[in-house]
Amino acid sequence: GAGVSQSPSNKVTEKGKDVELRCDPISGHTALYWYRQSLGQGLEFLIYFQGNSAPDKSGLPSDRFSAERTGGSVSTLTIQRTQQEDSAVYLCASSIPDSMNTEAFFGQGTRLTVV
Amino acid sequence: DQQVKQNSPSLSVQEGRISILNCDYTNSMFDYFLWYKKYPAEGPTFLISISSIKDKNEDGRFTVFLNKSAKHLSLHIVPSQPGDSAVYFCAASEGNFNKFYFGSGTKLNVKP
């Protein structure tokens, strides 16, 4: 399809293990975002990539979280030494930033459960 | 410190009536505002947006109102339909559009 694709859709991991979450943005979208939604909460900004600029990592909650975007397309969010409080739905979005029409298109999310 | 707030976690409306969802923000530098709708197990989908140069934007049954002096926006859905039942998030961004700040969402239930 032409939308934002995330994998896996569900991930259960043991506390202390590392996980990688993948996002394929819409082709041609230069901006890519990661958000997470914990139970009963809003969408929490994690990180933003725009073209070749340095990513905005200001939302990453700890140094256990990191993200890469290779070739300006696919992005991977890595969580090291997972903790139970990392359990959430991790959402990726992409957009074409311009001054007129800048909505972000979201993927279906990855539900991460740390047991 | 949440810069975008949705103070009503839930709203129940009868089919055919108007639904009004509210959102407040604290950052006066926000100049672009959006509403998203989210169904369970799906990602949020864009619904409607408004730039700070306008105070109203309408798209079919959906109208967004912006009151900059009050730092308040609202989404009106009329007439409401059962298929509108979802969680609605408002979001805001500044001129560089590099970060969308989201509210905590309002769960709308439209009763048949």
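Our structure's up above, just so we're on the same page.
As the structure is a prediction and not an experimental result, all values here were calculated from the model.

Describing the overall build of chain B
Moving on, step 1. Broken down by element type, chain B carries zero helices and eleven strands.
Moving on, step 2. The C-alpha atoms of chain B give a radius of gyration of 13 Å, which matches the 13 Å a tight globule of 112 residues would have.
Moving on, step 3. Considering chain B as a whole, with its 112 residues, one finds that 46% of them fall into the buried category.
Moving on, step 4. Taking as baseline every contact in chain B between residues at least 6 positions apart, the subset at least 24 positions apart corresponds to 55%.
Moving on, step 5. Of the roughly 5300 Å² that chain B leaves accessible, carbon and sulfur atoms contribute 49%.
Moving on, step 6. A gap of 4 Å separates the mean positions of the 12 positive and 10 negative side-chain charges of chain B.

Thoughts on the state of the cysteines
Moving on, step 1. One pass over the full model with this rule turns up two disulfides over all chains.
Moving on, step 2. The disulfide partner of Cys23(A) is Cys92(A), and the S-S distance across this bridge is 1.9 Å. Where Cys23(A) bonds to Cys92(A) through sulfur, the torsion about that S-S bond is close to -65°, and the disulfide is left-handed. Here Cys23(A), found in strand E3 (residues 19-24), pairs with Cys92(A), found in strand E8 (residues 88-95); they are 69 residues apart in sequence, far enough to count as distant.
Moving on, step 3. Note on Cys92(A): relative accessible area 0%, which makes it buried.
Moving on, step 4. Put simply, Cys23(B) and Cys90(B) are joined by a disulfide, and their sulfur atoms are 1.9 Å apart. Measuring handedness by torsion sign, the sulfur bridge of Cys23(B) and Cys90(B) sits at about 65° and is right-handed.

Thoughts on the interface of chain A and chain B
Moving on, step 1. Facing the 20 residues of chain A at the interface are 17 residues of chain B.
Moving on, step 2. Each partner contributes to the roughly 1500 Å² buried at the junction of chain A and chain B, and carbon and sulfur atoms together form 61% of this total.
Moving on, step 3. Counting every contact that joins chain A to chain B gives one salt bridge.
Moving on, step 4. Ionic pairing is found between Lys99(B) and Asp56(A), a salt bridge with its closest N-O pair at 3.6 Å.
Moving on, step 5. On the surface where chain A and chain B come into contact, there are three residue pairs in polar contact (both at pLDDT 80 or more).
Moving on, step 6. Counted by class, the side of chain A that touches chain B contains eight nonpolar, nine polar and three charged residues.

Conventions used here
- Residues numbered from 1 in each chain as written.
- Chains lettered and ligands numbered in written order.
- Predicted model: local features only at pLDDT ≥ 70, side-chain atom pairs only at ≥ 80, totals over all residues.
- Heavy atoms only, no water.
- Helix = DSSP H or I, 4+ residues; strand = E, 2+ residues; numbered from the N terminus.
- Rg over C-alpha atoms; globule rule 2.2 N^0.38 Å.
- Buried < 20%, exposed > 50% of the residue type's maximum accessible area, 1.4 Å probe, protein only.
- Contact = heavy atoms within 4.5 Å.
- Areas by Shrake-Rupley, 256 points an atom, 1.4 Å probe, with all protein chains shown as cover.
- Lys, Arg positive; Asp, Glu negative; His and termini not counted.
- Charge placed at Lys NZ, Arg CZ, Asp CG, Glu CD.
- Disulfide = S-S within 2.5 Å.
- Buried area = accessible area lost by both parts, 1.4 Å probe.
- Salt bridge = Lys/Arg side-chain N within 4 Å of Asp/Glu carboxyl O.
- Polar contact = N/O pair within 3.5 Å; in protein donor to acceptor, adjacent residues only side chain to side chain.
- Nonpolar A, V, L, I, M, F, W, Y, C, P; charged D, E, K, R; others polar.

Don't take any of this as a statement about function, it's just geometry.
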